[in-house]
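# Summary of structural features
Here is what each chain is made of, one letter per residue.
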Amino acid sequence: MRLTLSHINKHYGGKEILRDCSYAFSDAGTYVLMGGNGCGKSTLLRIMALLEEPDSGTVAFLAGGKVLAPDPTIGERHLHEQHDKGSSLDAGRLLTPDLALRRRITLVLPRIGLFSTSVWKNVAYGLSLRGQKGVAADEKIARALAFVGLEKKRDQHALTLSSGESQRLGIARALALEPEILFLDEPTASIDEENTSIIESIIKTMKQEGRSMVIMTTHDRSQAERLADRLLLLTQGALQDVRQA
Amino acid sequence: MDTITEGFLQAFKLILHLNPDLIGIIVLSLKVSGLALLLATLIGIPLGGFLGLRRFPGHGLAVSSINTFMGLPPVVVGLFVYLLLSRRGPLGALGLLYTPSAMIIAQTILALPIVIALCRSAIVSVDPIIAQAARTLGATPRQVTTTIITEARYGILSAVIAAFGRVMAEVGSILIVGGNIAGYTRVMTTTIALETDKGNFELALALGIILLLISFGVNAALHLVQRKGALHAA
Ligand SMILES: Nc1ncnc2c1ncn2[C@@H]1O[C@H](COP(=O)(O)OP(=O)(O)O)[C@@H](O)[C@H]1O
Ligand SMILES: [Mg+2]
């Protein structure tokens, strides 16, 4: 799946946060978005992950030669095609195209927001939203937990995990859903070196396995250098392509 | 001194021998308060959820009214229900006055604001990050709501237990609308009031002991639930 941003603008109150941001995320790999505190990285990520609407501009996804966009004026026919296939049944009801699209991507928030239940059930959550239960779902959960090294903690209460483990659980929770694009917002901002390097190697492994496109933010320059295939910089609301690896 | 000792001895005898009058009164109490609680829960949790999750014109007023109603004096509720159900009242035709149904109605009215207000506060105290996380994982608006309610489960359970404690202990409203008819509408609290008045301390004391035990149990349950909730929120 590819992602294209066209002329995204966003204000909060009277304050301009994003100004005419356009970019095509067209190759598999890891995109790292950098920028100072409060420059709008999280906002841009939420907009790309379809959790928030821009004031103007469009977010469009390309998959299998079809344009899928939350904006009904773009690629509407294709959305309905996808809709009609009934591929995205939610408890017997057809999903709105927007939700169906939103369910193909996932954002891991900087504060994870773990549910007050076991580690296992946290990962099961997204699958059960999609009506996925049973052996196949259990396998996905187990695989996701093993991938982040939390398989031994599956029965522990999620809110008793360390911050590094919480962050890894957040990633496992997203990965179990096999997203075509994974957004990570400051995945290592609040954790120690050991967990940071674990998370970095998780991101690298994801790239090697070619699972999904990763679009992440960080304010750690050296981390960006280590992980980025492409480095993007957000300054004064404008998005720039800094380096191409 | 002697009357007190003698009273306690007789009271324990009644309890140990499972005196049928005593048991009948306890069962009726639990039935009336239990059904009132069930009704208040069925109505109150959705309303509390609605107040906690949605904003609408008059929201603030609704919340502060419900909070005020939490402290409704039972006798006033009794009076109100009495007027509703009395022969010339708007619901007089139903013939419910001085029946267990009237008592259930009165206690439902007493329990309802507690369930609504405490449920609402349990729901608004769920960290907003939970709703965001649910959305990132692909939840529909309805699934987000379910997730928030699930996160608030210990607080909601506390609300129900607190309401049960309140209705089990109250006497004012059921005395007025139930009439304290022996074997029909006489429950623990009203019996205690009546028997004490008559100087029959043994039955009153026996019921008092049971009521204290129930209230102790309710508080222990509340404590446990709140501790479990706190542990999970740590
Ligand atoms: N929901 C919101 N309402 C108002 N202002 C917001 C909101 N979200 C973010 N902002 C503001 O937008 C700016 C960018 O925020 P954010 O995207 O979180 O920056 P970054 O992630 O780069 O640190 C900040 O000044 C922040 O205060
Ligand atoms: Mg941020």
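For the structure, check the block above.
So, here's what we can say about the structure.

What follows is about the overall build of chain A. Along the backbone of chain A there are 8 helices and 12 strands. A sequence separation of at least 24 residues applies to 66% of the contacts in chain A between residues at least 6 apart. When the accessible surface of chain A is totalled, it reaches about 10,800 Å², and 50% of it is carbon and sulfur.

Bringing the overall build of chain B into the picture now. Along the backbone of chain B there are 11 helices and 0 strands. When the helices and strands of chain B are listed from N to C terminus, the series reads α-α-α-α-α-α-α-α-α-α-α. Overall, the C-alpha framework of chain B stretches about 70 × 45 × 25 Å when taken along its three principal axes. For chain B, the proportion of its 234 residues judged to be buried stands at 46%. A fraction of 74% describes how many contacts in chain B between residues 6 or more apart in sequence connect residues 24 or more apart.

On to the pairing of strand 4 (residues 56–63) of chain A. Residues and elements named next belong to chain A. Across 6 bridges, the pairing between strand 1 (residues 2–12) and strand 4 is antiparallel. Residue S6 lies in a different strand from strand 4, and its bridge partner there is T58. Pairing analysis gives 3 bridges linking strand 4 to strand 5 (residues 66–68), with the strands arranged antiparallel. Paired with L62 across the two strands is V67, which belongs to strand 5. With antiparallel pairing between neighbouring strands as the criterion, strand 4 and strand 5 make up a hairpin whose turn holds 2 residues, including G64 at a positive phi of roughly 55°.

Here we take up a nonpolar patch on the surface. Residues and elements named next belong to chain B. Among the surface-exposed residues, L35, L38, L39, L42, I43 and L47 lie close enough to one another that they form a single nonpolar patch of about 530 Å² accessible area. When you line up the elements, L35 lands in helix 2 (residues 20–53). You can call L35 partly exposed: its relative accessible area is 40%.

Take the packing of aromatic side chains next. All names here are of chain A. Using the criterion set out here, one finds 7 aromatic pairs over all chains in the structure. Pairing Y23 with F25 gives two aromatic rings, centres 4.7 Å apart and planes at 65°, and the pair type is edge-to-face. Classification of F25 by relative accessible area gives buried; the value is 1%. Considering the side-chain rings of F25 and Y31, the 4.8 Å spacing of their centres and the 70° angle between planes classify their relative orientation as edge-to-face. We note that F25, like Y31, is buried. Ring-pair connections join several aromatic residues into one group, and the members of that group are Y23, F25 and Y31. The residue whose ring lies beneath R154 is W120, and the NZ or CZ to ring-centre distance is 4.1 Å. R173 extends its terminal NZ or CZ atom over the ring of F115, reaching a point 4.8 Å from the ring centre.

Let's shift gears to the interface of chain A and chain B. Contact with chain A, which involves 24 residues of that partner, is made by 19 residues of chain B. Summed over both partners, the interface of chain A with chain B comes to about 1,900 Å²; 53% of that surface belongs to carbon and sulfur atoms. At the surface where chain A touches chain B, the tally comes to 1 salt bridge. At the boundary of chain A and chain B, one finds 12 residue pairs in polar contact (both at pLDDT 80 or more).

All names here are of chain A. All residues adjacent to ligand 1 are Y12, K15, I17, G36, N37, G38, C39, G40, K41, S42, T43 and R46. Within the backbone of K41, a nitrogen or oxygen atom sits 2.8 Å from an oxygen atom of ligand 1. For ligand 1, an oxygen atom lies 2.7 Å from a polar atom in the side chain of S42. Protein chains shield 59% of the accessible area of ligand 1, which is 560 Å² for the free molecule. When contributions to the shell around ligand 1 are tallied by element, the ones reaching two or more residues are strand 2 (15–25) and helix 1 (41–48). No other element matches the 4 residues that helix 1 contributes to the shell around ligand 1. The residue makeup of the shell around ligand 1, split by class, is 3 nonpolar, 6 polar and 3 charged.

A few words now on the sheet that holds strand 5 of chain A. Residues and elements named next belong to chain A. Taken in spatial order, the 4 strands of this open sheet run 2-1-4-5, and their pairing is antiparallel. Where the open sheet ends on each side, the last strands, each with one partner, are strand 2 and strand 5. The sheet shows a mean angle of 20° between the axes of neighbouring strands, direction not considered.

Following the sequence through the fold, T106 of chain A ends up in strand 8 (residues 105–108). Once residues within four sequence positions are removed from consideration, T106 of chain A is found in contact with A174, L177, P179, I181, L182 and F183 of chain A together with T136 and L137 of chain B.

Most often, soluble globular proteins keep nonpolar side chains buried together rather than apart. Counting residues in each nonpolar core, the largest one holds 141 residues, and the members touching the most others are F25, L169, F183 and I215 of chain A. In terms of residues, this core owes the most to one element, helix 5 (residues 100–124) of chain B, which gives 14 residues. Residues contacting I215 of chain A, with those up to four places away along its chain left out, are L3, F25, Y31, L45, M48, I181, L182, F183 and L184 of chain A.

Cut-off values and rules
Residues numbered from 1 in each chain as written. Chains lettered and ligands numbered in written order. Predicted model: local features only at pLDDT ≥ 70, side-chain atom pairs only at ≥ 80, totals over all residues. Heavy atoms only, no water. Helix = DSSP H or I, 4+ residues; strand = E, 2+ residues; numbered from the N terminus. Contact = heavy atoms within 4.5 Å. Areas by Shrake-Rupley, 256 points an atom, 1.4 Å probe, with all protein chains shown as cover. Buried < 20%, exposed > 50% of the residue type's maximum accessible area, 1.4 Å probe, protein only. Pairing = 2+ DSSP bridges. Patch = residues over 30% accessible without salt bridge, like charges linked within 9 Å, V, L, I, M, F, W, Y side chains within 5 Å. Salt bridge = Lys/Arg side-chain N within 4 Å of Asp/Glu carboxyl O. Phe/Tyr/Trp six-rings, centres within 6.5 Å; stacked < 30°, edge-to-face > 60°. Lys NZ or Arg CZ within 6 Å of the ring centre and 35° of its normal. Buried area = accessible area lost by both parts, 1.4 Å probe. Polar contact = N/O pair within 3.5 Å; in protein donor to acceptor, adjacent residues only side chain to side chain. Near = heavy atom within 4 Å. Nonpolar A, V, L, I, M, F, W, Y, C, P; charged D, E, K, R; others polar. Axes fitted to C-alpha atoms, helices over the stretch in contact; angles between N-to-C directions. Core = buried A, V, L, I, M, F, W, Y, C linked by side-chain atoms within 4.5 Å.

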